[in-house]
Amino acid sequence: MRDAADRLGYLDEVLPLLFPSSGSGARPCVRSVLPHRLVPRRVVPRAWWHTALGRRLPVGSGPDTIETHLSDVLGRRVRVVVHVRPALRANRKPILEAYDESGLAGFVKIGDSPRARRLVRYESEVLRMLAGRPLKVVVPPDVLYHGVWRGLEVLMLSPLPVTSRRVPARLLASAVREIAAIRPYGEAEAGGAGDQAAWHGDFTPWNIAAGADGRLLVWDWERFAVGVPPGFDALHHFFHRALRRMPPPIAARSCLAQAGGLLEPFGADVALARRTAVHYLVALAERHRRDGHEPLGPPAVWLNPLVDHLEALL
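Residues numbered from 1 in each chain as written. Predicted model: local features only at pLDDT ≥ 70, side-chain atom pairs only at ≥ 80, totals over all residues. Heavy atoms only, no water.

A.B. asks: What am I meant to see in the sheet that holds strand 6 (residues 103–111) here?
C.D. replies: Hydrogen bonds between backbone atoms are what pair the strands of a sheet, whose relative direction is either parallel or antiparallel. If you trace the eight strands from one edge of the open sheet to the other, you get 3-1-2-4-5-6-9-8, paired in antiparallel fashion. If you trace the sheet from one side to the other, it starts and ends with strand 3 (57–59) and strand 8 (143–149), each paired once. Neighbouring strand axes in the sheet, compared pairwise and without regard to direction, differ in orientation by 25° on average. Judged from the six bridges that link them, strand 8 and strand 9 (residues 152–157) form a sheet pairing that is antiparallel. Paired with His 146 across the strands is Leu 155, a residue of strand 9. Contacting strand 1 (29–36), strand 2 (39–45), strand 3, strand 4 (79–83), strand 5 (95–100), strand 6, strand 8 and strand 9, helix 1 (residues 2–18) crosses the sheet at an angle of about 25° to strand 2. (Pairing = 2+ DSSP bridges. Helix = DSSP H or I, 4+ residues; strand = E, 2+ residues; numbered from the N terminus. Axes fitted to C-alpha atoms, helices over the stretch in contact; angles between N-to-C directions. Contact = heavy atoms within 4.5 Å.)

A.B. asks: How should I be thinking about the packing of helix 6 (residues 248–257) against helix 8 (residues 270–291) in this particular structure?
C.D. replies: Helices that pack against each other are described as a pair by the angle of their axes relative to one another and the distance between those axes. Following both chains from N to C, one finds helix 6 and helix 8 inclined at 150°, their axes separated by 8 Å at the closest point. Considering their axes alone, helix 6 and helix 8 lie roughly antiparallel with respect to each other. For the pair helix 6 and helix 8, the contacting residues are Ala 252, Cys 255 and Leu 256 in the first and Arg 274, Ala 277, Val 278, Tyr 280 and Leu 281 in the second. Counted by class, the contact of helix 6 with helix 8 contains seven nonpolar, no polar and one charged residues. (Parallel < 35°, antiparallel > 145°, perpendicular 65-115°, else oblique. Nonpolar A, V, L, I, M, F, W, Y, C, P; charged D, E, K, R; others polar.)

A.B. asks: How do you make sense of the pairing of strand 2 when you look at a structure like this?
C.D. replies: A regular strand carries its side chains on alternate faces of the sheet. As paired strands, strand 1 and strand 2 are joined by six bridges and run antiparallel to one another. Considered in strand 2, the bridge of Leu 34 is made with Arg 42. Bridge count between strand 2 and strand 4: two bridges; the pairing is antiparallel. Across the sheet, Val 43 pairs through a bridge with Val 82, a residue of strand 4.

A.B. asks: Whenever I open this one, the nonpolar core confuses me. Can you help?
C.D. replies: Within soluble globular proteins, side chains that are nonpolar generally end up buried alongside one another. Within the largest apolar cluster, 29 residues are counted, with the highest numbers of intra-cluster contacts made by Leu 235, Phe 239, Tyr 280, Leu 281 and Trp 302. For this core, the elements supplying multiple residues, two or more each, are helix 5 (232–242), helix 6, helix 7 (259–263), helix 8 and helix 10 (304–307). If we ignore the near neighbours within four places in the chain, the residues touching Leu 235 are Cys 255, Ala 259, Leu 262, Leu 263, Thr 276, Ala 277 and Tyr 280. Listed in part, the 28 residues of the second largest apolar core include Leu 15, Val 43, Leu 70 and Val 84. (Core = buried A, V, L, I, M, F, W, Y, C linked by side-chain atoms within 4.5 Å. Buried < 20%, exposed > 50% of the residue type's maximum accessible area, 1.4 Å probe, protein only.)

A.B. asks: What should I look at first to understand a positive patch on the surface in this one?
C.D. replies: Where like charges cluster on the molecular surface, the positive patch consists of Arg 165, Arg 241, Arg 244 and Arg 245. With respect to the secondary-structure elements, Arg 245 resides in the loop between helix 5 and helix 6. (Patch = residues over 30% accessible without salt bridge, like charges linked within 9 Å, V, L, I, M, F, W, Y side chains within 5 Å. Areas by Shrake-Rupley, 256 points an atom, 1.4 Å probe, with all protein chains shown as cover. Salt bridge = Lys/Arg side-chain N within 4 Å of Asp/Glu carboxyl O. Lys, Arg positive; Asp, Glu negative; His and termini not counted. Charge placed at Lys NZ, Arg CZ, Asp CG, Glu CD.)

A.B. asks: Looking at this model, I keep getting lost on the sheet that holds strand 12 (residues 216–218). Mind explaining?
C.D. replies: The mixed open sheet is built from three strands, whose spatial order is 7-12-11. Each having just a single partner strand, strand 7 (138–139) and strand 11 (208–210) make up the two edges of the open sheet.

A.B. asks: What is the right way to read helix 4 (residues 169–180) from this model?
C.D. replies: Three- or four-residue spacings in an α-helix give side chains the same orientation, since the helix completes a turn every 3.6 residues. The terminal C-alpha atoms of helix 4 lie 16 Å apart, and with 12 residues this matches the ideal 16 Å at 1.5 Å per residue to within 8%. Of all the residues in helix 4, the buried ones are Leu 171, Leu 172, Ala 173, Ala 175, Val 176, Glu 178, Ile 179 and Ala 180. In this structure, the buried residues of helix 4 make contact with strand 7, strand 10 (197–199), strand 11, strand 12 and helix 5. (Expected span 1.5 Å × (residues − 1).)

A.B. asks: Where do I start with the packing of aromatic side chains in this structure?
C.D. replies: To describe a pair of aromatic rings, one takes the distance between the centres and the angle between the planes. Per the counting criterion, the structure on display carries six aromatic pairs. With a centroid separation of 5.7 Å and an interplanar angle of 80°, the aromatic rings of Phe 232 and Tyr 280 are classed as edge-to-face. Remark: Tyr 280 occurs in helix 8 and Phe 232 occurs in helix 5; sequence separation between them is 48 residues. Accessibility expressed as a relative area gives 1% for Phe 232, which makes it buried. Note on Tyr 280: relative accessible area 0%, which makes it buried. What links up through ring pairs into an aromatic cluster is the set Trp 199, Phe 232, Phe 239, Tyr 280 and Trp 302. One cation-aromatic arrangement involves Arg 150 over Trp 149; the distance from NZ or CZ to the ring centre is 5.9 Å. (Phe/Tyr/Trp six-rings, centres within 6.5 Å; stacked < 30°, edge-to-face > 60°. Lys NZ or Arg CZ within 6 Å of the ring centre and 35° of its normal.)

A.B. asks: Is there a simple way to explain the environment of Leu 70 in this structure?
C.D. replies: One can find Leu 70 in helix 2 (residues 66–74). Contact partners of Leu 70, with chain neighbours within four places excluded, come to Val 78, Val 80, Val 108, Tyr 145, Val 154 and Met 156.

A.B. asks: Please explain the pattern of salt bridges as it appears in this structure.
C.D. replies: Side chains that differ in charge, positive against negative, can pair when their charged atoms come close. Taken as a whole, this structure holds 15 salt bridges when the rule is applied. Taking the shortest distance from any N to any O, the salt bridge between Arg 31 and Glu 67 comes out at 3.1 Å. Taken together, the residues span a long stretch of sequence, with Arg 31 in strand 1 and Glu 67 in helix 2 at a distance of 36 residues. Comparing Arg 31 with Glu 67 shows no difference in burial state: the two are buried. Salt-bridge contacts for Glu 67 lead to Arg 79; the nearest nitrogen and oxygen are separated by 3.4 Å. Note that Glu 67 is positioned in helix 2 and Arg 79 in strand 4, a separation of 12 residues in sequence. Connected through salt bridges with shared partners, the residues Lys 93, Lys 109, Glu 123, Asp 220 and Glu 222 form a single ionic network.

Shape descriptors only; they carry no functional weight alone.
Dropping the structure here:
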């Protein structure tokens, strides 16, 4: 119930931004929360069969809504489905599915806070940079539109054709290696050696999928960065899989314990792999500190007991 209340509370903040009222007494548009208000996940245009799922959700029907804006910039009518996002996230932002008469046209990210606006702008820059790279393994989405509407950053991305969430280990390693070699500022592409590798920054199971052509579909590039040891993405992927099954302190210990095997494909011996794992975990905690949100709890609980006696590795 608390999660539902948090999501609906954030939804109450988001919908007036996306569907502002004209103030002229116009009749509001009607939407539905699906699957129902106790488990809010999506806000969709109202259909007759939604009556059994709960009450109507009125939204503004002014002449300038996110739907009219996207319709104008794309040159065709667009309707949107709003994802009901968890409220307590550092990088929370409205995410929309945009549909035209042919079906799903793209996904839309809305920067509705200073941090979210920066992340959306940065992801647009990263994706445009990647579009000019001859990537052989990784498939990022294309930028279909990026602009500012009513003070909000709006980024529309092409949908990627997901065929399977199961990613072979060899494909995973190849993708991590290819991302590590990216150099966004005009330098020659590198082999990922040294401490100047790139990483996706949020290489989690829910941000990747196998494509039909044997390549890896990868989205959510807003944390992309350069200047880390090779293998950070492999560690991030493992750590977040572990967090689904165990509490953060145990997941962190497991990440350190498995570092040798995880980073062997990138040429790291066991000692280097352990140093890289400690570096990664500290970098993740520092990101959470900068974001002002600690989803894993205080580092004093999940991180410090593991790394305090390993300071010599840093």
